[in-house]
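What follows is the residue order along each chain.
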Amino acid sequence: MRRTDEHWVAERLADDASRALLVAQDGVYVDSGSRPALVPLSTLPQLEEPVLLGLDGEDAVFAVGADGLDAPLHARLMGLREVGALLSPEDAGLLAYGTAMVNWHRAHPRCARCGAHTDVAEAGFLRRCPSCGAEHHPRTDPVVIMLVLDGDRALLGRQPSWPDGRYSALAGFVEPGESLEEAVAREVLEEASVRVEDVLYRSSQPWPFPASLMLGFHARYAGGEPTVGDGELDDVRWFEREELAAIARGEIEGMAVPPPLAIARRLIDEFLVPSS
């Protein structure tokens, strides 16, 4: 693995062809076409924690924290959720990858074992404690997101922080000691007072807010009356297939579902157009 080759990494850091993805606290820098604004690494000031994301052909691509840096020419700062709806899957994946890594470094400057400041190693994929010798690797938190189905209707909820009228699939973090299927059942019961069965995995999506992996499921309704449960939602209700399809097409004023990039929308679209 070339990340562990300190000489090779140093050469890439000094290479004029190496480029950097700029990640700020409030979003990422994109160019006029809303693509990742990859700038020459050599034009940036001395950086303490550049993270090697990989190679684009022969040229290295790094992610760097952009707070305090001057904005590059012909680039603008956009929130990751905002720009995500405009990106190709490849560009979205690159931004999610870089953002998650930069966020990890921001949140873990010190050793979780002894509190000493850690050193960056392996091109940004390891933080090593010079005091106690502990090694810390990037972490990803698993989150289940599920669409509860009952024939031609689906159960959706909304959080108070979302735009007015937006409903989405239920979701929650996996807790220690439980399977993904158990997490689905627990979260639905806690958030919506509904029981489910036949939990079926559909797909996954990295979600760098700050560093999660969303694991998407469909689950069959098994009983209970939808009611807001643990306080995370301000509403939960059934949507008939035709009503939900009209909302997805933008035909019902004041109602919305997540944008196409989101895995929640993927789960909804699979319900709206079931496979034959």
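To be clear, the structure that these remarks concern was listed above.
Okay, so let's go over this structure. (Residues numbered from 1 in each chain as written. Predicted model: local features only at pLDDT ≥ 70, side-chain atom pairs only at ≥ 80, totals over all residues. Heavy atoms only, no water.)

Details of the overall build of the protein
Thought 1: Looking only at helices and strands, the protein has six helices and 15 strands in total.
Thought 2: Here the contacts in the protein between residues at least 6 apart in sequence split such that 62% fall between residues at least 24 apart.
Thought 3: Roughly 14,300 Å² of accessible area belongs to the protein as shown, and the carbon and sulfur atoms make up 50% of that amount.
Thought 4: Charge centroids of the protein, computed over 25 positive and 45 negative side chains, lie 1 Å from each other. (Helix = DSSP H or I, 4+ residues; strand = E, 2+ residues; numbered from the N terminus. Contact = heavy atoms within 4.5 Å. Areas by Shrake-Rupley, 256 points an atom, 1.4 Å probe, with all protein chains shown as cover. Lys, Arg positive; Asp, Glu negative; His and termini not counted. Charge placed at Lys NZ, Arg CZ, Asp CG, Glu CD.)

A word on the environment of D235
Thought 1: Position of D235 among the secondary structure elements: in strand β15 (residues 235–240).
Thought 2: In terms of polar contacts, D235 uses its side chain to reach the side chain of Y167, at 2.4 Å. (Polar contact = N/O pair within 3.5 Å; in protein donor to acceptor, adjacent residues only side chain to side chain.)

Brief notes about the packing of aromatic side chains
Thought 1: The final tally for this structure, using the stated rule, is four aromatic pairs.
Thought 2: Taking 5.7 Å as the distance between ring centres and 75° as the angle between the ring planes, the aromatic pair formed by Y201 and F217 counts as edge-to-face. With Y201 in strand β13 (residues 195–207) and F217 in strand β14 (residues 212–223), this residue pair connects regions lying 16 residues apart in the sequence.
Thought 3: Look at F217 and you get buried, because its relative accessible area is 1%.
Thought 4: One cation-aromatic arrangement involves R153 over W238; the distance from NZ or CZ to the ring centre is 4.0 Å.
Thought 5: The aromatic ring of F271 is capped on one face by R241, whose charged end is 4.3 Å from the ring centroid. (Phe/Tyr/Trp six-rings, centres within 6.5 Å; stacked < 30°, edge-to-face > 60°. Buried < 20%, exposed > 50% of the residue type's maximum accessible area, 1.4 Å probe, protein only. Lys NZ or Arg CZ within 6 Å of the ring centre and 35° of its normal.)

Points about the pairing of strand β4 (residues 51–56)
Residues in a regular strand project their side chains so that they alternate between the two faces of the sheet.
Thought 1: The pairing of β4 with strand β5 (residues 59–65) spans five bridges and is antiparallel. Residue pairing for β5: V51 is matched across the bridge by A63.
Thought 2: Adjacent in sequence and paired antiparallel, β4 and β5 are bridged by two residues, among which G57 carries a positive phi angle near 70°. (Pairing = 2+ DSSP bridges.)

A word on the sheet that holds strand β8 (residues 126–128)
Across a sheet, strands are paired by hydrogen bonds formed along the backbone, either parallel or antiparallel in direction.
Thought 1: Spatial strand order, β7-β8-β9: three strands in an open sheet with antiparallel pairing. Here the strands that pair on one side only, and so sit at the sheet edges, are β7 (119–121) and β9 (135–136).
Thought 2: Two strands pair when backbone bridges link them, and β7 and β8 are joined in this way by three bridges, in the antiparallel orientation. Counted as the bridge partner of V120 is R127 from β8.

Some remarks on the nonpolar core
Thought 1: Core analysis: the biggest nonpolar cluster contains 20 residues, and I145, L147, L156, L244, I268 and F271 have the highest contact counts within it.
Thought 2: Here the element with the most residues in this core is helix α6 (residues 263–272); it accounts for six residues.
Thought 3: Ignoring sequence-local partners within four residues, the contact set of I145 consists of A169, L170, A171, M214, L215, G216, F217, I263, A264 and L267. (Core = buried A, V, L, I, M, F, W, Y, C linked by side-chain atoms within 4.5 Å.)

Examining the pairing of β5
Thought 1: Within β5, five of the seven residues are buried, leaving the element largely enclosed by the surrounding structure.
Thought 2: Direction of pairing for strand β1 (residues 19–24) relative to β5: parallel, over a ladder of five bridges. By the bridge assignment, R19 is partnered in β5 with V61.

Re the environment of A20
Thought 1: Within the secondary structure, A20 sits in strand β1.
Thought 2: Sequence-wise, A20 and L41 are 21 residues apart; in three dimensions their C-alpha atoms are separated by 5.3 Å.
Thought 3: Discounting residues that sit within four places of it in the chain, A20 has contacts with A37, L38, V39, L41, L44, F62 and V64.

What to know about the pattern of salt bridges
Thought 1: Following the criterion strictly, the structure yields 21 salt bridges and no others.
Thought 2: A salt bridge links E175 to R186; the shortest N-O distance between them is 3.5 Å. Here E175, found in the loop between β12 (170–173) and α4 (180–192), pairs with R186, found in helix α4; they are 11 residues apart in sequence, far enough to count as distant.
Thought 3: A relative accessible area of 16% means that R186 is categorised as buried.
Thought 4: Taking the shortest distance from any N to any O, the salt bridge between R202 and E270 comes out at 2.9 Å. With R202 in strand β13 and E270 in helix α6, this residue pair connects regions lying 68 residues apart in the sequence.
Thought 5: For E270, a relative accessible area of 25% gives the class partly exposed.
Thought 6: Here the residues in one salt-bridge network are E175, E178, R186, E187 and E190, joined through shared partners. (Salt bridge = Lys/Arg side-chain N within 4 Å of Asp/Glu carboxyl O.)

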